[in-house]
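Chain by chain, the residues:
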Amino acid sequence: MKVDFYHGHGSPYSWRVWLALEHLKVPYELKVLSFANKDTTKPEFVAINPRHQVPTIVDEGFALWESIPILEYLDERFGMDGPARLYPGTESERARIRLLVKEIEGYLRGEGVGVLARELFFKDEGVQPDLEVVAKSRDVIASELRLLERKLKGPFLCGEMPCAADFVLAPELGYVNRIQFRKPESKVGEVVPEALRAWHKRIEALPFYDKTFPPHWR
Ligand SMILES: N[C@@H](CCC(=O)N[C@@H](CS)C(=O)NCC(=O)O)C(=O)O
């Protein structure tokens with residue numbers, strides 16, 4: 001039986017889960033919701049997820065939302081006996097991955113990329129971005145990426161294969177590139193360290209990456 005995966009193109013949270021489903025080779029049914037059409041607030045979706053957010057999955061009648069609990073569930077449900085893991089290794093190695101995930105979520109996204117994207121893309125029509133907020137969030141992105149660069153353990157954040165932390169980081173670099181493309185004056189692309197640029201190229205080269213890329217960003 002396939003897992004239903006409710007997704008919205010461009011959501012960094014949902015993108016994490018799509019990469020993870022592919023990595024684990026989980027059979028899933030992609031259900032794309034349109035933010036423009038307010039699909040997340042329609043009664044049929046709210047009946048599944050009262051918080052009306054993507055990502056949401058339904059596995060044999062069990063509905064789950066919040067990207068990080070979803071990653072942990074998918075790993076336990078499909079990773080244990082499958083071809084790949086999201087949280088591989090010993091107890092301390094798995095704890096390290098959870099720590100990276102938490103830090104990427106809290107600092108890089110929460111205080112950096114999310115703040116910058118809101119400031120540049122999601123303000124009311126005609127309201128100018130606050131340049132102090134732009135500079136501060138870019139500094140956060142720069143320092144968080146410098147820290148993360150040192151966490152690479154080979155080609156990926158936990159070694160030879162990508163893990164949950166890679167799939168939480170990947171949409172953030174996707175967003176940094178997107179912001180740089182649409183708002184070059186932000187100069188945010190310049191703060192990505194060399195080793196993470198190379199890491200991002202390896203992520204982009206994964207056989208399933210391309211289909212997860214937001215179509216309206218092409
Ligand atoms: N903390 C949540 C955040 C999910 C989230 O914010 N989803 C947004 C898109 S980026 C959403 O579905 N918004 C639609 C709505 O609130 O109706 C997670 O990690 O999954």
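The preceding data block contains the structure.
Basis of the calculations
- Within each chain, residue numbers correspond to sequence positions counted from 1 in written order.
- Residue-level local features of this predicted model are given only where pLDDT is at least 70; pairs of side-chain atoms are given and counted only at 80 or more, and the full residue set underlies all totals for whole chains, interfaces and linings.
- Two strands pair if DSSP finds at least two bridges between them.
- In DSSP terms, a helix is any run of H or I states spanning at least four residues, a strand is any run of E spanning at least two, and both are numbered starting from the N terminus.
- The angle between two axes is taken between their N-to-C directions and runs from 0 to 180 degrees, where each axis is a line fitted to C-alpha atoms and a helix contributes only its stretch in contact.
- Throughout this description, a residue near a molecule or strand is one whose C-beta atom, derived from the backbone, lies within 6 Å of it.
- In this count, Pro and Cys sit with the nonpolar residues alongside Ala, Val, Leu, Ile, Met, Phe, Trp and Tyr, while Asp, Glu, Lys and Arg are called charged and the others, Gly among them, polar.
- Here, a nonpolar core denotes buried Ala, Val, Leu, Ile, Met, Phe, Trp, Tyr and Cys residues that are linked to one another through C-beta atoms within 7 Å.
- Put simply, a residue is buried when 20 or more other C-beta atoms lie within 10 Å of its own C-beta and exposed when 12 or fewer do; between those, it is partly exposed, and each C-beta is set from the backbone.
- Just so you know, the domain bounds were taken from an automatic or database domain assignment.
- This entry defines residue contacts through backbone-placed C-beta atoms, with two residues in contact when those atoms are within 7 Å.

Engineer: So what's going on with the pairing of strand β3 (residues 56-59)? Residues and values would help.
Structural biologist: When strand β1 (residues 3-7) meets β3, the two strands line up antiparallel, connected through 3 bridges. Residue pairing in the sheet places tyrosine 6 in a bridge with threonine 56 of β3. Pairing of β3 with strand β4 (residues 62-65), which is carried by 4 bridges, proceeds in the antiparallel orientation. When the bridges of β4 are listed, isoleucine 57 appears paired with leucine 64. The loop that links β3 with its antiparallel partner β4 comprises 2 residues; one of these, glutamate 60, has a positive phi angle of about 45°.

Engineer: Tell me about the sheet that holds β3, and name the residues and values.
Structural biologist: The sheet built from 4 strands is open, its strands ordered β2-β1-β3-β4 with mixed pairing. Every interior strand has two partners, whereas the edge strands, β2 (28-32) and β4, have only one. Sheet twist, expressed as the average angle between the axes of neighbouring strands with direction ignored, equals 20°.

Engineer: How would you summarise the site of the ligand if you had to cite specific residues and measurements?
Structural biologist: Taken together, Gly8, Ser11, Tyr13, Thr40, Thr41, His52, Gln53, Val54, Pro55, Glu66 and Ser67 make up the full set of residues near the ligand. In terms of residue class, the shell around the ligand is built from 3 nonpolar, 7 polar and 1 charged.

Engineer: Could you give me a rundown of the nonpolar core, with the residues and numbers involved?
Structural biologist: Counting 47 residues, the largest nonpolar core has Ala20, Ala164 and Ala165 as the members making the most contacts within it. Looking at this core, the elements that each hand over two or more residues are β1, α1 (12-24), α3 (67-79), α4 (91-121), α5 (131-149) and α6 (164-182). Counting contributing residues per domain, this core is built from domain 1 (3-79) and domain 2 (91-212), each supplying no fewer than three. Excluding residues within four positions of it along the chain, alanine 165 makes contact with Ile97, Leu100, Val101, Ile104, Leu157 and Cys158.

So, to be careful, I would describe these as geometric facts and stop short of saying anything about function.
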